[in-house]
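# A structural walkthrough
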Amino acid sequence: DHGIYVSGYDNIVIVNNLFYNHLEGWAIHLYSSGGSRALIANNTFAFKNPDRDVHILIWQNETGTRIFNNIFYQPGAYAIDLSGRSTFTDVEVRNNLTDAGRMIGTVPPGVIESGNIASTNPSLADPARFDFVLTAGSPALDVGLPLSEVMTDFLGTRRPQGTAWDV
């Protein structure tokens, strides 16, 4: 079903994960009783769920959440759904990359969206064989935000390797 399904939290950190082939649910679903100060950063999401668009669904009130430096590969119409009857306060969606036409379906009040790259292939090594390493020249290289919470990548390599953090 869902990769990560969470409700009612404070200071949750979801970093350096690889989410792919979800056939039900969403890779990350924040739902129900509200949350604050989530960090969702430097994750790679791949392939569309056959029954759902998007990789991240937030369907609850959310405060102070940061969604930074993620790659969304073939999510469907867009990568992130911030909807429902939710209220958003100081939520930031920055420096993510997707090959979908847009990052967020509709940007609600209380959400800041900036530095995201849409409609761009991230240049992954071989996604068909589940090799999601960035290739040389990838548009995800050196365009991420520095985060003290994410000092290494998925493979344990220290950040940054180039002039800036990679997405």
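Note that the coordinates shown come from a computational prediction; the quantities given were computed from them, not determined experimentally.

Attention shifts here to the overall build of the chain. When its secondary structure is counted, the chain shows 0 helices and 20 strands. Oriented by its inertia axes, the alpha-carbon framework of the chain measures out at about 40 × 35 × 25 Å. In the chain, which comprises 167 residues, the proportion classed as buried is 46%. When contacts within the chain are restricted to residue pairs at least 6 apart in sequence, long-range pairs at least 24 apart make up 64% of them. Summing over all exposed atoms, the chain offers an accessible surface of approximately 7700 Å²; the carbon and sulfur share of this is 49%. Taking the 10 positively charged and 17 negatively charged side chains of the chain as two groups, their mean positions are separated by 2 Å.

There is a patch of nonpolar side chains on the surface, built from Y5, Y31 and W59 and spanning about 300 Å² of accessible area. One can find W59 in strand β9 (residues 56–59). On the accessibility criterion, W59 (33% relative accessible area) is partly exposed.

Our next topic: the layout of surface pockets. Size it by volume and the largest pocket reaches roughly 510 Å³. F132, V133, L134, D153 and F154 are, among the 22 residues lining the largest pocket, the residues nearest its centre. Element by element, the count of residues in the lining of the largest pocket is highest for strand β20 (residues 131–134), at 3 residues. Here the residues of the lining of the largest pocket sort into 11 nonpolar, 7 polar and 4 charged.

As a further point, take the nonpolar core. Among the nonpolar cores identified, the biggest contains 24 residues, and I28, I56, I80, L82 and V93 are the most heavily contacted of them. At the level of elements, β5 (28–31), β9, β13 (78–82), β15 (91–94) and β17 (102–104) are the ones that each hand at least two residues to this core. Considering every element that reaches this core, the biggest residue donor is β13, with 3 residues. Residues contacting I80, with those up to four places away along its chain left out, are V54, I56, I67, F72, V93, M103, I104 and G105. Judged by nonpolar contacts, the second largest core, of 10 residues, contains L97, L124, L134 and A140.

The next point concerns the pattern of salt bridges. Overall, the coordinates contain 5 salt bridges when judged by the stated rule. E149 is paired through a salt bridge with R66; the nearest N and O atoms lie 2.8 Å apart. Placement of the pair is E149 in the segment after β20 and R66 in strand β11 (residues 66–68), with a sequence separation of 83 residues. According to the relative accessible area criterion, E149 is partly exposed, its value standing at 38%. Since its relative accessible area comes to 24%, R66 is described here as partly exposed.

Rules of the game
Residues numbered from 1 in each chain as written. Predicted model: local features only at pLDDT ≥ 70, side-chain atom pairs only at ≥ 80, totals over all residues. Heavy atoms only, no water. Helix = DSSP H or I, 4+ residues; strand = E, 2+ residues; numbered from the N terminus. Buried < 20%, exposed > 50% of the residue type's maximum accessible area, 1.4 Å probe, protein only. Contact = heavy atoms within 4.5 Å. Areas by Shrake-Rupley, 256 points an atom, 1.4 Å probe, with all protein chains shown as cover. Lys, Arg positive; Asp, Glu negative; His and termini not counted. Charge placed at Lys NZ, Arg CZ, Asp CG, Glu CD. Patch = residues over 30% accessible without salt bridge, like charges linked within 9 Å, V, L, I, M, F, W, Y side chains within 5 Å. Salt bridge = Lys/Arg side-chain N within 4 Å of Asp/Glu carboxyl O. 1 Å grid on protein atoms, 1.4 Å probe; cavity = no way out; pocket = protein on both sides within 12 Å on 5 of 7 lines; lining within 4 Å. Points joined across faces, edges and corners; volume = space filled by probe spheres on them. Nonpolar A, V, L, I, M, F, W, Y, C, P; charged D, E, K, R; others polar. Core = buried A, V, L, I, M, F, W, Y, C linked by side-chain atoms within 4.5 Å.

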